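# Coordinates in review
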Amino acid sequence: MTDTPPSRDIEIRVRYAEVDRMGVVHHSRYWVYFEMGRTELLRQAGAVYRDLEAAGVFFVVAKCSARFHAPARYDDVLVLTTRITKMGAARIDHAYELKRKSDGQLLVTAETTLACVNRDGQVIAIPDFMRGRE
């Protein structure tokens, strides 16, 4: 991972299991979408989270917040943009924008802070290869 990409867009189609009786995406599902965005951003940069875990490097959500602007509904195709806003010694901050593809309507904005930890949950430095240093 030499250059961390500034952002990654992915498409998500809302599945029936993700909505409530009103056909609206349940708020808990958005965090799964955001994890999908982070995973694909990492993959685009040349790393696979499974390989990081095998090496004893884990990223845990230390802080998260979201603002819901409009609902997503069953069978909507969504576009999630995930970007890194800051990388510290042991943390990565991400920002997210989720829009409906058909009309560009902004649905959700969110932020997360991930902490880098080892298998014992102790905070560790983000590996150099993730920072473009080897």
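Whatever comes next refers back to the structure up there.
Residues numbered from 1 in each chain as written. Predicted model: local features only at pLDDT ≥ 70, side-chain atom pairs only at ≥ 80, totals over all residues. Heavy atoms only, no water.

We now examine the sheet that holds strand 2 (residues 58-68). Across the sheet, which stays open at both edges, the 5 strands sit in the order 1-3-4-5-2 with antiparallel pairing between neighbours. Strands at the two margins of the open sheet, each flanked by one partner only, are strand 1 (7-13) and strand 2. Sheet twist, expressed as the mean angle between neighbouring strand axes with direction ignored, is 25°. Pairing geometry for strand 3 (residues 77-87) and strand 4 (residues 91-100), over 9 bridges, is antiparallel. Counted as the bridge partner of Lys-86 is Asp-93 from strand 4. Seen against the sheet, helix 1 (residues 29-44) touches strand 1, strand 2, strand 3, strand 4 and strand 5 (106-117) and runs at an angle of roughly 135° to strand 1. (Pairing = 2+ DSSP bridges. Helix = DSSP H or I, 4+ residues; strand = E, 2+ residues; numbered from the N terminus. Axes fitted to C-alpha atoms, helices over the stretch in contact; angles between N-to-C directions. Contact = heavy atoms within 4.5 Å.)

Inspection of the entire model under this criterion finds 0 disulfides. Considering cysteine sulfurs only, Cys-116 is the nearest to Cys-64, which forms no disulfide, with 18 Å between them. Given the relative accessible area of 42%, Cys-64 is considered partly exposed. (Disulfide = S-S within 2.5 Å. Buried < 20%, exposed > 50% of the residue type's maximum accessible area, 1.4 Å probe, protein only.)

What follows is about helix 1. Between its terminal C-alpha atoms helix 1 stretches 23 Å, which fits the 22 Å expected from 16 residues at 1.5 Å a residue. Residues of helix 1 that are buried include every one of Tyr-30, Tyr-33, Phe-34, Gly-37, Arg-38, Leu-41 and Leu-42, and no others. Summarising the contacts, the buried residues of helix 1 are in contact with strand 1, helix 2 (49-54), strand 2, strand 3, strand 4 and strand 5. In the stretch just after helix 1, Gly-46 is the one whose phi turns positive, near 100°. (Expected span 1.5 Å × (residues − 1).)

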